[in-house]
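Tertiary structure, described
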Amino acid sequence: MRRPTGPTIPTDSPDGAGPVVRARQLVKRFRSAAGAVPVFDGLDLELAPGESLALMGRSGSGKSTLLNLLCGLEPLDAGELSLFGQNGGALSAEAWSGLRRAHIATVFQEANLMPAMTLAENVRLRAQLAGQASVDAAGWLARLGLDGLGDRYPDQVSGGQRQRAALAMAFAMQPKLLLADEPTGSLDRHTADDVADVLFDFQHEQRCPMILATHDPALAERCDRVLRLGAGS
């Protein structure tokens, strides 16, 4: 399958090559009947190659909004944003779509699987959309404790198994940046711990830079750094 076109992304990002993500004085406001409500007002952020960063803050502090900004799903009101050395403010909607398809993996609190496709088909499709010519879907699923479940559909497995399948989809695309939004928030403690172990194992092995939004202090402590967000920060 042909690799999607889009901004040129470095195939190798050794330490010292510059940040994967750099944000300066980000401003984001939401409009309401009462006027503009600030989410960020001058937020700075950097993510180095191979680094993990936790976003913490109460509900409404802007964790999910920041992740949406970093993958082009929300526009900035002001400030500077660069990804992989590219000026995010100059990227077209098509270019952002190309980045999300080929280089930026996102994992959400609820597994985003295609219900009419098996777990293996979901993994295979996601990797192929990212331009991976050969995909060992069964291998990725087995690594996440889903050996023998590839032929099942999302409604035939548990919530924890669906979330593991969502991680398999993200890993199989071999991303250059991983964005995780409360990936264990809907799981019981035991399952959440298992999913977190797999997430951090992949992040460390692949040296894939990751930004993780979470309410869980124990999960945040596993990251290299923590950024605490507050309303209007």
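The sections below set out a description of the structure shown in this document. (Residues numbered from 1 in each chain as written. Predicted model: local features only at pLDDT ≥ 70, side-chain atom pairs only at ≥ 80, totals over all residues. Heavy atoms only, no water.)

**Some details on the overall build of the protein**
Helix and strand counts for the protein come out as 7 helices and 9 strands. The principal-axis extent of the C-alpha atoms belonging to the protein is close to 50 × 40 × 40 Å. Counting across all 233 residues of the protein, residues that qualify as buried make up 48%. Partitioning the contacts of the protein with sequence separation of at least 6, the portion at a separation of at least 24 is 75%. Accessible surface computed for the protein: about 11000 Å², of which carbon and sulfur atoms make up 47%. (Helix = DSSP H or I, 4+ residues; strand = E, 2+ residues; numbered from the N terminus. Buried < 20%, exposed > 50% of the residue type's maximum accessible area, 1.4 Å probe, protein only. Contact = heavy atoms within 4.5 Å. Areas by Shrake-Rupley, 256 points an atom, 1.4 Å probe, with all protein chains shown as cover.)

**Section: helix α1 (residues 63–70)**
Most of α1 sits inside the fold, with 6 of its 8 residues counted as buried. For α1, the complete set of buried residues consists of Lys63, Thr65, Leu66, Leu67, Leu69 and Leu70. Downstream of α1 by one or two residues, glycine 72 has phi in the positive range, about 80°.

**Thoughts on the packing of helix α5 (residues 159–172) against helix α6 (residues 189–206)**
With their axes 10 Å apart at the nearest point, α5 and α6 run at an angle of 5° to one another. On the basis of their axis angle, the class for α5 and α6 is roughly parallel. Along its contact with α5, which presents Gly160, Gln163, Arg164, Leu167 and Phe171, the element α6 presents Thr191, Asp194, Val195, Val198, Leu199 and Phe202. Taken together, the residues that form the contact of α5 with α6 break down as 6 nonpolar, 3 polar and 2 charged. (Axes fitted to C-alpha atoms, helices over the stretch in contact; angles between N-to-C directions. Parallel < 35°, antiparallel > 145°, perpendicular 65-115°, else oblique. Nonpolar A, V, L, I, M, F, W, Y, C, P; charged D, E, K, R; others polar.)

**Here we look at a nonpolar patch on the surface**
Side chains of Met114, Leu125 and Leu129 sit close together on the surface and give an oily, nonpolar patch of about 240 Å² of accessible area. In this fold, leucine 129 is placed in helix α3 (residues 119–129). (Patch = residues over 30% accessible without salt bridge, like charges linked within 9 Å, V, L, I, M, F, W, Y side chains within 5 Å. Salt bridge = Lys/Arg side-chain N within 4 Å of Asp/Glu carboxyl O.)

**Observations concerning the packing of aromatic side chains**
The geometry of two aromatic rings is summed up by the distance between their centres and the angle between their planes. In this structure the tally under the stated criterion is 3 aromatic pairs. On the basis of an interplanar angle of 65° and a centroid distance of 6.2 Å, the ring pair of tryptophan 140 and phenylalanine 202 is categorised as edge-to-face. With tryptophan 140 in helix α4 (residues 137–143) and phenylalanine 202 in helix α6, this residue pair connects regions lying 62 residues apart in the sequence. Linked through ring pairs, Trp140, Phe171 and Phe202 together constitute an aromatic cluster. (Phe/Tyr/Trp six-rings, centres within 6.5 Å; stacked < 30°, edge-to-face > 60°.)

**Details of the sheet that holds strand β6 (residues 104–107)**
One open sheet accounts for 5 strands, arranged β6-β7-β8-β3-β9; its pairing is parallel. If you trace the sheet from one side to the other, it starts and ends with β6 and β9 (225–228), each paired once. Direction aside, neighbouring strands of the sheet carry axes that sit 15° apart on average. When β6 meets strand β7 (residues 177–181), the two strands line up parallel, connected through 4 bridges. Of the residues in β7, the one forming a bridge with valine 107 is alanine 180. Packed on one face of the sheet, α5 meets β6 and β7 and runs near 175° to β6. Sheet strands in contact with α6 are β3 (52–56), β7 and β8 (210–213), and its direction is about 160° off that of β8. (Pairing = 2+ DSSP bridges.)

**Some details on α5**
For α5, which comprises 14 residues, the first-to-last C-alpha distance of 20 Å matches the rise-based estimate of 20 Å (1.5 Å per residue) to within 8%. Burial of α5 is extensive: 11 of the 14 residues sit out of reach of the surface. Those residues of α5 that sit buried are Gly160, Gln163, Arg164, Ala165, Ala166, Leu167, Ala168, Met169, Ala170, Phe171 and Ala172. Looking at the buried side of α5, the elements it contacts are β6, α3, α4, β7 and α6. (Expected span 1.5 Å × (residues − 1).)

**Quick look at the layout of surface pockets**
Volume-wise, the largest pocket comes out at about 420 Å³. Every residue lining the largest pocket is counted, 21 residues in all, and those nearest its centre are Thr106, Phe108, Asn112, Arg126 and Met169. Looking at the lining of the largest pocket, the elements that each hand over two or more residues are β6, α3 and α5. Grouping the amino acids of the lining of the largest pocket by side-chain chemistry returns 15 nonpolar, 3 polar and 3 charged. (1 Å grid on protein atoms, 1.4 Å probe; cavity = no way out; pocket = protein on both sides within 12 Å on 5 of 7 lines; lining within 4 Å. Points joined across faces, edges and corners; volume = space filled by probe spheres on them.)

The analysis is restricted to geometry; functional conclusions fall outside its scope.
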